[in-house]
Amino acid sequence: MKEMSSTMPSGQQPQKHYGITSAISLAPPREIDHHYTKKLCDAMKPFGVFEDEEELNHRLAVLGKLNNFVKEWIAEISELKNLPPSAISCVGGKIFTFGSYRLGVHTKGADIDALCVAPRHVERTDFFQSFFEKLKQHEEIKDLRAVEDAFVPVIKFKFDGIEIDLLFARLALQSIPDNLDLRGDSILRNLDIRCIRSLNGCRVTDEILYLVPNKENFRLTLRAIKLWAKRRGIYSNMLGFLGGVSWAMLVARTCQLYPNAVAATLVHKFFLVFSKWEWPNPVLLKQPEDSNLNLPVWDPRVNPADRYHLMPIITPAYPQQNSTYNVSTSTRTIMSEEFKYGLSVTDEILQGKAEWSKLFEPPNFFQKYKHYIVLTASASTEENHLEWIGLVESKIRVLVGNLERNEYITLAHVNPQSFPGSKENRNENDFVSMWFIGIIFKKVENAESVNIDLTYDIQSFTDTVYRQANNINMLKDGMKIEATHVKKKQLHQYLPPEVVQKKKRSIAELNRSSNGGSSKRLSLDSSHLDSSRDTDSGTPFNSPPSKPSKPTSDTDDRYDALLVIFTVSVVLFFLIPFYLMNTVVFKFSITSSTKPTATSSPKEEPNGLEDSVNGAPSKRPHSPTQEDPAKRPKNTDTSLAGSKAKPIPTIDTSRTQRLPSMELPDASSPLPASNSCRVVKNSIKLALNRHK
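Residues numbered from 1 in each chain as written. Predicted model: local features only at pLDDT ≥ 70, side-chain atom pairs only at ≥ 80, totals over all residues. Heavy atoms only, no water.

- Under an unreviewed UniProt entry, the name given to the protein chain is polynucleotide adenylyltransferase, and the source organism is Pundamilia nyererei.
- Under the UniProt heading Subcellular location (unreviewed entry), the note attached to the protein chain is "Nucleus".
- Its UniProt record, at the heading Catalytic activity (unreviewed entry), says of the protein chain: "RNA(n) + ATP = RNA(n)-3'-adenine ribonucleotide + diphosphate". (UniProt positions renumbered as here; feature names shortened; annotations may be inferred.)

In structure tokens, the structure reads:
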């Protein structure tokens, strides 16, 4: 790997090595790089990405109060459990933070992800009972709710106006000192899986910060990349894009490859590195280690599903996990295109041909595609609606996976932003949210038109949602899902003109949508590795024009691109035989004597586990209908709500890509009986004309 290291000036000590490969460049920043970094900061300020001193101090004060509150509660519990006074005086307890706040990249009004660490005699039931009751009595705490049965159990509340998500971990220690370090793997010994999951967010965050060469450069770069990802509609772990921890690890890897670069350069190099990255080679910040604690880790040798993760980004703390198991063929394609577009824009910026504001311009999603699926979730009360849309949104990636496997669909692009239902398209008393999925259909050769039936794809998705809702006793009267196919020209029936046409908005409107658009909802099946609820659809602030500066060298970029490709190859070399992605290929197929319809719900395919050698998923054959096309109107959406067919249990595909440590599937769970819920079954059939 010597050829990857830059030559150090004579008499200078070699720089500390970061990551599993040598740096691509050790070049120090130039004056022009600092100038571009200042302009980058100026371009981000209107979006509320920087918190002022007063807000920062307020957060510190709230966390200090919460930490004292926890210590007080643990002392009370210890007394109730008859610990001697000498032990009670030093039993301790501590609040740790993780996520964007711990990384130092939180925005104005953002919540805080926190972890309550308690000694071994404090039970999880104590946390959700006595501590919950103690919080209830505190006058500064509002909107208190416990979600004990979530994948990562959590208590959510507002403390003096600041939203906090508080997890709990009980360590196998007699006391919790103030200087406790969670990075050591031995701290996981003899813990239950819920405590390990709860600790994971802190351990990953701390490890990321430890593995970057310059924390301030890392933080500013990550702020820029997170803002860019939100503006471009690719920030959502839940929907199959990347969440906060994944973006942080990509930025951290860029910092390792360019350890002396400042933020403006790092943003450009970020796009250079990941527009050239040869997925599915994994992104690693350090060599994976085995701590002999027998915890399941990301390992393609042991877990066949790991071989088919499309965009693996591996967390650096044990037990190592892939933070991007939700990524699908479509979302990877969309993100890859965005990396390339980001590179072209930052090339222009560093050549003085554009301003940083151009990087943060949102795409016009509603002008991009000819066809859309409108997914509507409705409920009869506001409380039921918030609960219902949280579940529906967490399963949308199942629908995207189903659509991807249709032989006539090339790409399914979900917009992470949800929209309220229009008055014309809903009952007066219903609370409605809509999501839009852009569809690209495959061009069919040698056919004037083709009839496509998406009923099976939609029905398989709705079955999954209703079954999950039934399993957790969420399903209530009035909760419904509907899916409709619309053409671009019909979008005005669902959305206001300014959204469809993407009119520019004022900075005040822009900031309101960025900070207060929607409250953070809990995903029922997501881990607390990241917080990816933020969406933003405003128009960026245009920085004042500046004089063109000296262009960067194209030769340097080409040289860096070659080194990026070499770096990916070295990563693969480090992981052989650990990484066996292309050596084993599983093929998945369905054989059926009957054609799938809305009245028959065949077994659902595992989501995203059927990649062929070139990385594309196997397409499920959908034979064109035998109806005479001339007799059937195009683009009709016929409701089959009255169907009384007996449903067949399906596999919950949202979990098939997870590591064994994540969650057990519920394949045996039956669908709810048709008379116990409001199941709306839509038949979506459309005819595509070759010449249109």
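Here the narrative resumes, following the displayed structure.
Looking at the side chain of S198
- Tracing the backbone through its elements, the reader meets S198 in helix α6 (residues 193–210).
- S198 sits in the buried class, given a relative accessible area of 0%.
- At a separation of 3.2 Å, a polar atom in the side chain of S198 contacts the main-chain carbonyl oxygen of F168.
- When neighbours within four sequence positions are excluded, S198 is seen to be in contact with L115, R124, V152, L167, F168 and A169. (Helix = DSSP H or I, 4+ residues; strand = E, 2+ residues; numbered from the N terminus. Buried < 20%, exposed > 50% of the residue type's maximum accessible area, 1.4 Å probe, protein only. Polar contact = N/O pair within 3.5 Å; in protein donor to acceptor, adjacent residues only side chain to side chain. Contact = heavy atoms within 4.5 Å.)

With respect to the pattern of salt bridges
- Taken as a whole, this structure holds 24 salt bridges when the rule is applied.
- Close ionic contact of K38 with D42 constitutes a salt bridge, the shortest N to O distance being 3.4 Å. Of this pair, K38 and D42 both sit in helix α1 (residues 31–44), four residues apart, which is roughly one turn of that helix.
- On the accessibility criterion, K38 (54% relative accessible area) is exposed. (Salt bridge = Lys/Arg side-chain N within 4 Å of Asp/Glu carboxyl O.)

Side note on unusual backbone geometry
- Residue P280 follows W279 across a cis peptide bond; omega there is 15°.
- Following the sequence through the fold, P280 ends up in the loop between α9 (263–276) and α10 (329–350).
- Here Y318 and P319 are connected by a cis peptide whose omega angle stands at 0°.
- With phi around 65°, N190 is a residue other than glycine that occupies positive phi space.
- Note that N190 resides in the loop between β5 (162–170) and α6.
- Unlike most non-glycine residues, N473 shows phi in positive territory, near 55°.

Considering α6
- The terminal C-alpha atoms of α6 lie 25 Å apart, and with 18 residues this matches the ideal 26 Å at 1.5 Å per residue to within 8%.
- Where α6 bends most, the angle comes to about 35°, and this point is N200. (Expected span 1.5 Å × (residues − 1). Bend = angle between axes of the 7 residues up to and from the residue.)

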